[in-house]
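Here's the letter readout for the chains.
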Protein chains: 2
Amino acid sequence: MRVMIIGAAGMLGRKLAASLADDGSLGGRKIDSLILADVVKPNTVKFSGEVELLETDLSEPGKAEALVARRPDLIFHLAAIVSGEAEANFEKGYHVNLDGTRSLFEAIRKTAEMDSYTPKVVFTSSIVVYGEPLPECIDDDYVVAPLTSYGAQKAIGEILLADYSRRGFFDGIGIRLPTISIRPGKPNRAASGFFSSILREPLIGEPAILPVSDDVRHWFASPRAAVGFMLHAATLDTRALEARRTLTMPGVCATVGDQVDALRRAAGENATKLIRREYDPVIANIIAGWPRRFRAARAEQLGFKAEANFDEIIRVHLEDELAHVTSH
Amino acid sequence: MRVMIIGAAGMLGRKLAASLADDGSLGGRKIDSLILADVVKPNTVKFSGEVELLETDLSEPGKAEALVARRPDLIFHLAAIVSGEAEANFEKGYHVNLDGTRSLFEAIRKTAEMDSYTPKVVFTSSIVVYGEPLPECIDDDYVVAPLTSYGAQKAIGEILLADYSRRGFFDGIGIRLPTISIRPGKPNRAASGFFSSILREPLIGEPAILPVSDDVRHWFASPRAAVGFMLHAATLDTRALEARRTLTMPGVCATVGDQVDALRRAAGENATKLIRREYDPVIANIIAGWPRRFRAARAEQLGFKAEANFDEIIRVHLEDELAHVTSH
């Protein structure tokens, strides 16, 4: 089996590639080659089969065709510019996140119309396709109504995925990822960044800023869970999805207070003292419009699994990111 | 005020143009010019102001810019190829219904970024953005999940409309039209055609074929009501919509049996005998996946009004289409 990851240089793309390379197979099928593509050249992975590393921009003419010409049996499409950039640069957001996705789908369709090529396509969407007004708990049949251009572009990708799949051009499945916490790496200025940094920094003895109140509630999954969602989606029989090809992923519903409590249990009271509360009305206002809780019934019925709580998310982080520096 | 109708040669476009020309004003503002555009040259209308008739294809390069260069204060965007054609010709459907709409929105955005141009845009969507599984009655916050390419293209148009409006490029409002009955004109081969022909033909003494059972339930409005929705949308203060810019329109929820009963009351038992029941499993199967009833609460609160029942829809048809041939 030939497996392609588009967006392979990003945090989740790298972890997904490493996991596939490590396993060497997926759903009982041997992986012969890994094709890793991104706008910057992805790092290679330790893999017994063939690895191809491609620096390419999906949204540029001819690039999607060149990728699809490699006839991957399975395509993970993770490539996107992030929410803040899509909001700051309207044209770039639509060019990369909408035109890029459509170019990929069109390249597959045109190949599919020539021969019997019908790859599986796993598309990562996001819970930010939802926007206020929202119920306290969001069901699978609640209306998608994004409040950012990024959310709009993902929502359009979901509709295209469903229509191209319905027409038989490929076999698509979309997964709406929760906010990823704990993101490894350095603090960034994304509005959601503190959801990771208030745990990540104190766990290594560094300070972190909390810009919202402790009762703010949101929906989370670890990077490991997100990779697990993608792998599960790739092996799922999509007939169970019928026409609705995108699923909200399960996650941990937690308040900032729950996060802090889990940090206390994992690393002690002193770790929590590294969190400095500096209320930021701009960030608080952005976060206030975000979804807080989902009833991800369809995904759970289909076997998608997230962590149970933030104790588990912290343990996963220690295992995956800090095993080399801690004695846990 | 300069008013543009894109899709002005279609059945609803013609009625809308005639209504605007007849009134001469909209929401208390005088209409100075009517710009009527379509892929075929629209017929002119009797109007005291200026009328421009344009044969143009919105989806062709430069055409949207040429339309927007006329700086209409209000744009009705009705142009689309219909459901059956969009399903039969995938590329053409996306080209006209998605690229055409996006070209228009982009042309407005680029003009808006140069000066303070911010037109009102009324976009006609359709209840076919909804697809099975559906509840018996569909609320405003039920998930949009189209089962046709036409529905997908309209759903994407709705998302773009909301995002471009949120960004302030124009002031958009989308209206999801019910199935229009009674459509004037000749029978056509659209799956929904019988919903009009079983009334329209018997009312003039002609036979009609009913391909589904009498208990089939659906959601309707007259052409006059549809024009009323568009005019009301054009004058509505969109601040009331907040982020959700597209509204499901109110309608008449009726079974085929209800239609036949109304025909009997309007034209007698003999008229109903002109309906020949010829069950068509293909059409019955298509119709089975269609929405049956809506709770169009938002639109009703905002003052959109449809007919109360099919007696009224038939009366409207007699007044608007047959006044010259009947003695009613």
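Our structure is the block above this text.
Note that the structure is predicted; figures quoted are calculated from it, not measured. (Residues numbered from 1 in each chain as written. Chains lettered and ligands numbered in written order. Predicted model: local features only at pLDDT ≥ 70, side-chain atom pairs only at ≥ 80, totals over all residues.)

A. Broad picture of the overall build of chain A. Within chain A, the secondary structure is distributed over twelve helices and 14 strands. Relative to the 2.2 N^0.38 estimate, which gives 20 Å for 328 residues, the radius of gyration of chain A is 20 Å and therefore close to what a compact globule would have. Projected onto the principal axes, the alpha-carbon positions of chain A cover approximately 60 × 45 × 40 Å. The burial tally for chain A puts 47% of its 328 residues in the buried class. Restricting to contacts in chain A with at least 6 residues of sequence separation, those with at least 24 account for 75%. (Helix = DSSP H or I, 4+ residues; strand = E, 2+ residues; numbered from the N terminus. Rg over C-alpha atoms; globule rule 2.2 N^0.38 Å. Buried ≥ 20, exposed ≤ 12 C-beta atoms within 10 Å, placed from the backbone. Contact = placed C-beta atoms within 7 Å.)

B. Unusual backbone geometry, seen in detail. Of note, the bond from E132(A) into P133(A) is cis; its omega dihedral lies within 30 degrees of zero at 0°. Its location among the elements puts P133(A) in the loop between β7 (120-126) and α5 (149-166). Along the chain, S181(B) connects to I182(B) via a cis peptide bond; the corresponding omega equals 15°. Structurally, the position occupied by I182(B) is in the loop between β9 (179-180) and α6 (194-203). A positive phi is found at R71(B), a non-glycine position, where the angle reads about 50°. In this fold, R71(B) is placed in the loop between α2 (63-68) and β6 (74-77). Classification of R71(B) by C-beta neighbours within 10 Å gives partly exposed; the count is 13. Phi angles above zero are rare outside glycine, and E242(B) is one such case at about 50°. Its place among the elements puts E242(B) in the loop between α7 (223-235) and β12 (246-248). Using a count of 13 C-beta atoms within 10 Å as the deciding quantity, one classes E242(B) as partly exposed.

C. Representation of the nonpolar core. By size, the foremost hydrophobic cluster in this structure holds 192 residues, and its most contacted members are I6(A) and I6(B). Sequence-distant contacts of I6(B), defined by excluding residues within four places in its chain, comprise A37(B), L58(B), L67(B), I75(B), F76(B), H77(B), L78(B), A79(B) and L104(B). (Core = buried A, V, L, I, M, F, W, Y, C linked by C-beta atoms within 7 Å.)

D. Spotlight on the relation of the copies chain A and chain B. Least-squares fitting of chain A to chain B yields an RMSD of 0.0 Å, with the superposition described by an axial translation of 0.0 Å and a rotation of 180°. Here the transformation between the copies is reduced to the relation of a two-fold axis. Closest approach to the rotation axis within chain A is made by the C-alpha atom of V143(A), at a distance of 1.9 Å. A shared binding surface is used by both copies, with 100% of the interface residues of chain A retained as interface residues in chain B. (Least-squares fit on C-alpha atoms with pLDDT ≥ 70 in both.)

E. Quick peek at the environment of W219(A). Residues and elements named next belong to chain A. With respect to the helices, strands and loops of the structure, W219 is situated in strand β11 (residues 217-221). When the 26 C-beta atoms within 10 Å are taken as the criterion, W219 is described as buried. Apart from residues no more than four positions distant in its own chain, W219 is found in contact with I127, P178, T179, G251, C253, P291, R292, R293 and F294.

F. Region of the structure containing the environment of C137(B). Residues and elements named next belong to chain B. Residue position: C137 is located in the loop between β7 (120-126) and α5 (149-166). We classify C137 as exposed; it has 12 C-beta atoms within 10 Å. For the pair C137 and L241, spaced 104 residues apart in sequence, the C-alpha to C-alpha distance is 22 Å.

G. Quick peek at the interface of chain A and chain B. Listed by partner, the interface residues are 17 residues for chain A and 17 residues for chain B. With six residues, the top contributor of residues to the side of chain A that touches chain B is α5(A). Split by residue class, the side of chain A that touches chain B holds eleven nonpolar, two polar and four charged. (Nonpolar A, V, L, I, M, F, W, Y, C, P; charged D, E, K, R; others polar.)

H. Structural detail: the packing of α6(B) against helix α8 (residues 256-267) of chain B. Residues and elements named next belong to chain B. Contact geometry for α6 and α8: axes closest at 10 Å, N-to-C directions at 15°. Taken together, the axes of α6 and α8 are roughly parallel relative to one another. In the crossing of α6 with α8, the sense of the turn from one axis to the other is right-handed. Here I198, L199, P202 and L203 of α6 lie close against α8, whose contacting residues are Q259, L263 and A267. Partitioned by chemical class, the residues of the contact of α6 with α8 number six nonpolar, one polar and no charged. (Axes fitted to C-alpha atoms, helices over the stretch in contact; angles between N-to-C directions. Parallel < 35°, antiparallel > 145°, perpendicular 65-115°, else oblique. Left-handed = near helix turned anticlockwise from the far one by under 90°.)

I. Inspection of the sheet that holds β11(A) at higher detail. All names here are of chain A. As summarised here, the arrangement of the three strands in space is β9-β11-β13, forming an open sheet in which the pairing is mixed. Edge positions in the sheet fall to β9 (179-180) and β13 (252-255), since each has one partner strand and no second. Here β9 pairs with β11 via two bridges, running parallel. The residue of β11 that forms the bridge with T179 is F220. (Pairing = 2+ DSSP bridges.)

J. Local environment of the packing of helix α8 (residues 256-267) of chain A against helix α12 (residues 310-321) of chain A. Residue and element names in this part refer to chain A. It is at 9 Å that the axes of α8 and α12 come closest, and there the two elements cross at 55°. As judged from the angle between their axes, α8 and α12 are oblique. Relative to α12, the crossing made by α8 is right-handed. Here α8 contributes D258, Q259, A262, L263, R265 and A266 to the contact with α12, which in turn contributes F310, D311 and I314. Residues of the contact of α8 with α12, tallied by class, amount to five nonpolar, one polar and three charged.

K. The sheet that holds β6(B), seen in detail. All names here are of chain B. Ordered by their spatial adjacency, seven strands build an open sheet running β5-β4-β1-β6-β7-β8-β12, and the pairing between neighbours is parallel. The sheet terminates laterally at β5 (50-55) and β12, the two strands that pair on one side only. Averaged over all pairs of adjacent strands, the angle between strand axes in this sheet comes to 15°, irrespective of strand direction. Sitting on the sheet, helix α1 (residues 11-23) is in contact with β1 (2-6), β4 (33-38) and β6, with an inclination near 175° to β4. This element, α5, spans β7, β8 (171-177) and β12 of the sheet and lies at about 155° to β7.

L. Structural view of the pairing of strand β11 (residues 217-221) of chain B. Residue and element names in this part refer to chain B. When you tally the buried positions in β11, you get four out of five residues, the bulk of the element. Across four bridges, the pairing between β11 and strand β13 (residues 252-255) is antiparallel. Each bridged residue has a counterpart across the sheet, and for W219 the counterpart in β13 is C253.

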